[in-house]
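Take a look at the letters that make up each chain.
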Amino acid sequence: MTTTTTPAASTNLRPLEMFGIDNLLDEDERDIAATVRRFVDTRLRPNLAEWFEKGELPGRELAKEFGDLGLLGMHLQGYGCAGTNAVSYGLACMELEAGDSGLRSFVSVQGSLSMFSIHRWGSEEQKQEWLPRLASGDAIGCFGLTEADFGSNPGGMRTTARRDGSDWILSGTKMWITNGNLADVATVWAQTDEGIRGFVVPTDTPGFSANVIHKKLSLRASVTSELVLDNVRLPASAQLPEAVGLRGPLSCLNEARFGIVFGALGAARDSLEAAIDYAGVREVFDRPLSSYQLTQEKLADMTLELGKGMLLALQLGRLKDTSGVTPDQISLGKLNNVREALAIARESRTIMGASGITLEYSPLRHANNLESVLTYEGTSEMHMLSIGRALTGQSAFR
Ligand code: TGC
Ligand code: FAD
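Per chain, residue numbering runs from 1 following the sequence as it is written. Labels follow written order: the first chain is A, the first ligand is 1, and so on. Residue-level local features of this predicted model are given only where pLDDT is at least 70; pairs of side-chain atoms are given and counted only at 80 or more, and the full residue set underlies all totals for whole chains, interfaces and linings. As a convention, hydrogens and water are excluded, and side-chain values are obtained from all of the structure's heavy atoms.

Turning our eyes to something else, we now look at the overall build of the chain. The number of helices and strands found in the chain is 10 helices and 10 strands. Here the C-alpha radius of gyration of the chain, 22 Å, is about what a compact globule of 398 residues would show, namely 21 Å. Note on exposure labels: buried denotes an accessible area under 20% of the residue type's maximum, exposed denotes more than 50%, and partly exposed covers the range between, all computed with a 1.4 Å probe on protein chains only. Taking all 398 residues of the chain together, the buried fraction comes to 52%. Under the counting rule used here, the positive set is Lys and Arg, the negative set is Asp and Glu, and His together with the chain ends is not counted. To locate a charge, take NZ of a lysine, CZ of an arginine, CG of an aspartate or CD of a glutamate. Taking the 38 positively charged and 49 negatively charged side chains of the chain as two groups, their mean positions are separated by 4 Å. The helix count covers DSSP runs of H or I at least four residues long, the strand count covers runs of E at least two residues long, and both are numbered beginning at the N terminus. Computation of the radius of gyration draws on C-alpha atoms, with the globule rule given as 2.2 Å multiplied by the number of residues to the power 0.38.

Take a look at the structure:
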């Protein structure tokens, strides 16, 4: 007879253990998650609070280490990329974001935006030139879509590319660009006579400059920049030959959004585990905080949302690895998992009282970061509208 339930109740389980998530992963997936978790905990976690406080990230150094681990463009095939499945990529994002959203953002932008844009839409020459160096971390990439007045509506962008003989001249300003000041190469999207087109721009091209955006309260362990393109002259070979229209950049966003579906849960898991540990040792009114029903209600509710988010992420990952996942399905995951992760990080902070407002504990750092994650890669509202359009057939964006 097949046993379908395990009789003994376990105690002191970690939240995701309650869902038996590991049983839904194969050995390679578990190994990749464990390797990234170890790397984050030993090499990165000891520095995270300081990087966040100082508003810095040693991106050059980290790029090499991420490259050595095979994390850069890890779900892409060939050109020095690891070629893992989508679930493994998602799990790596989750483990990185359990450290800090800035780490996951670095890897997302490099692999899913910069490298994917070249891998999906680039010429063979562009792929040979950039992908192996981006995969190893010898080069850093960024992705310039957003402008100050065109974030949710990138189709309105004002950056232009005009022909001058066989060359292209790019002019305009991009805003909020992750890794902008670190990058060796930027994928820049611009209006042309043929609609929106993408360009591979070496950042040492005359007329290209980047300015760091300071005073951030979120994603502090991440470099965010303004890109200025002042009559940047590029050869015809700099254009991404296959990408025509908004479909080009939006297809790259699907990849990065997929990573966020898993990644945000890393921040949530780390917050919740920190709250459980804190509640177990903090005594209030002569008893551990964890022994009070109100605390246990919070922990139970957060565990449910974390586990449901994980099941949703895995479902999308399995679809991506088999029949394919649609942009609207990714919207379901991005909307739900970032929203719930932010709620979990905030609730975890409450359990820590005043101690929770310091960088000694991770939940408020995660919550601050998740405010950016809620906004970038399509705001919650954009994903609601995508889901609404899929359900009703009516577009309410305009
Ligand atoms: P719309 O008319 O709907 O579509 C224009 C063309 O694009 C196609 N399309 C997509 N293709 C692939 N994937 C998707 N997700 C797609 N969504 C639309 C569509 O089929 C159409 O193709 P075609 O061939 O018929 O022309 O365009 P719209 O102007 O109405 O805009 C739609 C909307 C609002 C959903 C879109 O503009 C949008 O997603 N806005 C949000 C912008 C955004 O997410 N920006 C992110 C910038 S990068 C970033 O934030 C990095 S953060 C750092 C990190 O990741 O860690
Ligand atoms: P807006 O578009 O001005 O939105 C403001 C508010 O209006 C939001 O709540 C929005 O949901 C709402 N809204 C907009 N339209 C509608 C509507 N039709 N109906 C109802 N509500 C609406 N971009 C890049 O290209 N590359 C990067 O590497 C990158 N990295 C980033 C890193 C960080 C830390 C941050 C914060 C942003 C980054 N971005 C990047 C930009 C990001 O993608 C944009 O901020 C995002 O798309 C939202 O655009 P916006 O900030 O202009 O907000």
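Picking up after the structure, the text goes on.
Turning our eyes to something else, we now look at the UniProt feature "domain: Acyl-CoA dehydrogenase/oxidase N-terminal" (unreviewed entry) in the chain. UniProt positions are given in the numbering used here, feature names are shortened, and annotations may be inferred rather than shown by experiment. Here the UniProt-annotated "domain: Acyl-CoA dehydrogenase/oxidase N-terminal" (unreviewed entry) positions come out as residues 27-138. Overall, residues 27-138 shows 77% helix and 0% strand. The separation of its end C-alpha atoms is 30 Å.

Here we come to the site of ligand 2. Any residue with a non-hydrogen atom lying within 4 Å of a molecule or strand is treated as near it. Taken together, 17 residues sit near ligand 2, with Thr 146, Ser 152, Trp 176, Thr 379 and Glu 381 positioned nearest. Each polar contact in these results corresponds to two N or O atoms within 3.5 Å; when the atoms are within protein, one needs to be able to donate a hydrogen and the other to accept it, and residues that are neighboring in sequence are counted only if both atoms are side-chain atoms. With respect to ligand 2, the backbone of Leu 145 contributes an N or O atom lying 3.0 Å from an oxygen atom. In the model, an oxygen atom of ligand 2 is placed 2.7 Å from a nitrogen or oxygen of the Thr 379 side chain. Computed on the free molecule, ligand 2 has an accessible area of 980 Å², of which 67% lies beneath the protein chains in the complex. The Shrake-Rupley method, run with a 1.4 Å probe sphere, supplies the accessible areas, and residue values consider only the shown protein chains as cover.

Moving on to the pairing of strand β2 (residues 160-164). Direction of pairing for β2 relative to strand β3 (residues 167-178): antiparallel, over a ladder of 5 bridges. Directly across from Ala 161, in β3, lies its bridge partner Leu 170. Whether two strands pair depends on DSSP finding at least two bridges between them. Linking two consecutive strands that pair antiparallel, namely β2 and β3, is a turn of 2 residues; a positive phi of about 65 degrees is found at Gly 165 within it.

As far as domains go, the chain holds domain 1 (15-136), domain 2 (141-244) and domain 3 (248-392). As used throughout, domain bounds are those supplied by an automatic or database domain assignment. Distance between the C-alpha centres of domain 2 and domain 3: 31 Å. Of the residues lining the interface, 9 residues belong to domain 2; the matching set on domain 3 comes to 12 residues. Of all residues in domain 2, Ser 152, Ser 218 and Leu 219 give up the largest surface area on contact with domain 3, accounting jointly for 47% of the area buried on that side. Counting the contacts that link domain 2 with domain 3 gives 5 residue pairs in polar contact (both at pLDDT 80 or more). Residues of the side of domain 2 that touches domain 3, tallied by class, amount to 6 nonpolar, 2 polar and 1 charged. The contact criterion used throughout is that any non-hydrogen atoms of two residues lie within 4.5 Å. The term buried area denotes the loss of accessible surface (1.4 Å probe radius) that occurs when two parts are joined, taken as the sum for both partners. Amino acids are sorted into nonpolar (Ala, Val, Leu, Ile, Met, Phe, Trp, Tyr, Cys and Pro), charged (Asp, Glu, Lys and Arg) and polar (every other residue, Gly among them).

Glancing now at a negative patch on the surface. Together, Asp 26, Glu 27, Asp 28 and Asp 31 make up a region of like negative charge exposed at the surface. Along the chain, Asp 28 turns up in helix α1 (residues 27-54). Its relative accessible area of 54% is what places Asp 28 among the exposed residues. Patches draw on residues past 30% relative accessible area with no salt bridge. Two like charges within 9 Å are joined, as are two nonpolar side chains (Val, Leu, Ile, Met, Phe, Trp, Tyr) within 5 Å. Salt bridges are counted wherever a side-chain nitrogen of Lys or Arg sits within 4 Å of a carboxyl oxygen of Asp or Glu.

Let's shift gears to the environment of Ser 355. Residue position: Ser 355 is located in the loop between α8 (327-351) and α9 (363-375). Measuring from C-alpha to C-alpha, the distance between Ser 355 and Tyr 278 comes to 9.9 Å, with 77 residues separating the pair along the chain. Excluding residues that lie within four positions of it along the chain, Ser 355 makes contacts with Tyr 278 and Tyr 361.

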